[in-house]
Amino acid sequence: MNTTPVALITGAGQGLGRATALRLLEAGAHVVITDLDARLLEETRELSGAPERVAALVQDVTAQDAPAQAVAFALDRFGGLDWLINNAGIGKAKSVAQTSDEEWDRYADINLRSVFRFSREALPHLRPGRGCIVNLASIFGLLGHPGVAPYAATKAALVGLTRQMAVDYGPQGIRVNAVAPGIIETPLTAERIRTDARFKALMIDTTPFHRIGRPEDVANAIHFLCSDQASFISGHTLTVDGGWSVGNYVPTA
Ligand SMILES: NC(=O)c1ccc[n+]([C@@H]2O[C@H](COP(=O)([O-])OP(=O)(O)OC[C@H]3O[C@@H](n4cnc5c(N)ncnc54)[C@H](O)[C@@H]3O)[C@@H](O)[C@H]2O)c1
């Protein structure tokens, strides 16, 4: 059996998915990266320094055949699958009153339904004893925040789905966990931090660490959850937010 772990990471063209791909490669894994954008995937591959351990697949996670295509691609290219990182997701949601049916469905399709479908496809192939899934939830899936209803609903559902899969597939030696990042500087958040002073005040100035998160902060947590160091951790949602969500922190200056 090939002993090098094989990871499949959705939405790895930029941001947290890219950082996770680079972190898992650094840890020695083979990595399948998927994204809508071929150019971004190629950039991730070039940044890796180990292009022979990276296989890129352009696809939309919501496409009917996307999960089967991605899993078959991983098996074909690297001979197995150990770690599924359900990362692809969209942000910038609104309140319930401002959200159309079409917008609601789009959040549900990308942020939640694709995670269910990729997990269902991958689970029979994850190698017992080392197989694991990590879902990208959010602190907004754990507590309320203004104006993020469809986003928060999908991320809260991922926390529940994570627990459920941990219970159902633990007996097969598969661990399932989630990370709940705070505000991390990626293309998803960079513009809002730059242009929305209230959001910055709410999210960054009230973080005890007084800084925005770095993609590497999340990638390190995901690597930990995949690694043998986390061999008795399953069903857990790990916040990576510099302490933002555990207090009502008011800056003194
Ligand atoms: N950045 C944050 O502060 C933050 C905080 C909490 C949770 N998250 C979650 O982490 C994940 C990654 O966030 P990010 O900040 O890196 O986002 P990002 O927008 O920077 O990157 C997301 C990537 O996913 C890809 N993608 C989007 N829709 C897709 C689809 N339908 N099919 C395939 N690929 C698709 C995009 O092309 C992009 O490369 C998301 O699930 C997000 O909700 C991010």
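What counts and how
Residues numbered from 1 in each chain as written. Predicted model: local features only at pLDDT ≥ 70, side-chain atom pairs only at ≥ 80, totals over all residues. Heavy atoms only, no water. Pairing = 2+ DSSP bridges. Helix = DSSP H or I, 4+ residues; strand = E, 2+ residues; numbered from the N terminus. Axes fitted to C-alpha atoms, helices over the stretch in contact; angles between N-to-C directions. Contact = heavy atoms within 4.5 Å. Near = heavy atom within 4 Å. Polar contact = N/O pair within 3.5 Å; in protein donor to acceptor, adjacent residues only side chain to side chain. Areas by Shrake-Rupley, 256 points an atom, 1.4 Å probe, with all protein chains shown as cover.

Draft legend 1. Up close: the sheet that holds strand β3 (residues 54–58). Taken in spatial order, the seven strands line up as β3-β2-β1-β4-β5-β6-β7 in an open sheet, and their pairing is parallel. Looking at the sheet topology across the chains shown, the edges are occupied by β3 and β7 (237–240). The average undirected angle you get between the axes of adjacent strands in this sheet is 15°. Where strand β2 (residues 30–35) meets β3, five bridges bridge the pair, whose relative direction is parallel. For Asp 35, the partnering residue across the bridge sits in β3 and is Val 58. Seen against the sheet, helix α1 (residues 15–26) touches β1 (6–10), β2, β3, β4 (83–86), β5 (132–136) and β6 (175–181) and runs at an angle of roughly 170° to β1. Against the sheet, helix α4 (residues 101–122) makes contact with β1, β4 and β5, and its axis sits at roughly 170° relative to β4, the strand it touches most.

Draft legend 2. Highlighting unusual backbone geometry. Of note in this structure, Lys 92 is not a glycine but carries a positive phi near 55°. Following the sequence through the fold, Lys 92 ends up in the loop between β4 and α4. Positive phi outside glycine occurs at His 210, with the angle close to 60°. Residue placement: His 210 occurs in the loop between α7 (197–205) and α8 (215–226).

Draft legend 3. Main features of the site of the ligand. The environment of the ligand is formed by 26 residues, the closest being Leu 16, Asp 35, Asn 87, Ile 184 and Thr 186. Contact between the ligand and Asp 60: a nitrogen atom at 2.9 Å from a side-chain N or O atom of the residue. Burial of the ligand by the protein amounts to 93% of the accessible area it has alone, namely 820 Å². Elements with a minimum of two residues in the shell around the ligand: α1, α5 (149–169) and α6 (187–195). Residue contributions to the shell around the ligand peak at three residues, all from α6.

In short, geometric facts, not functional conclusions.
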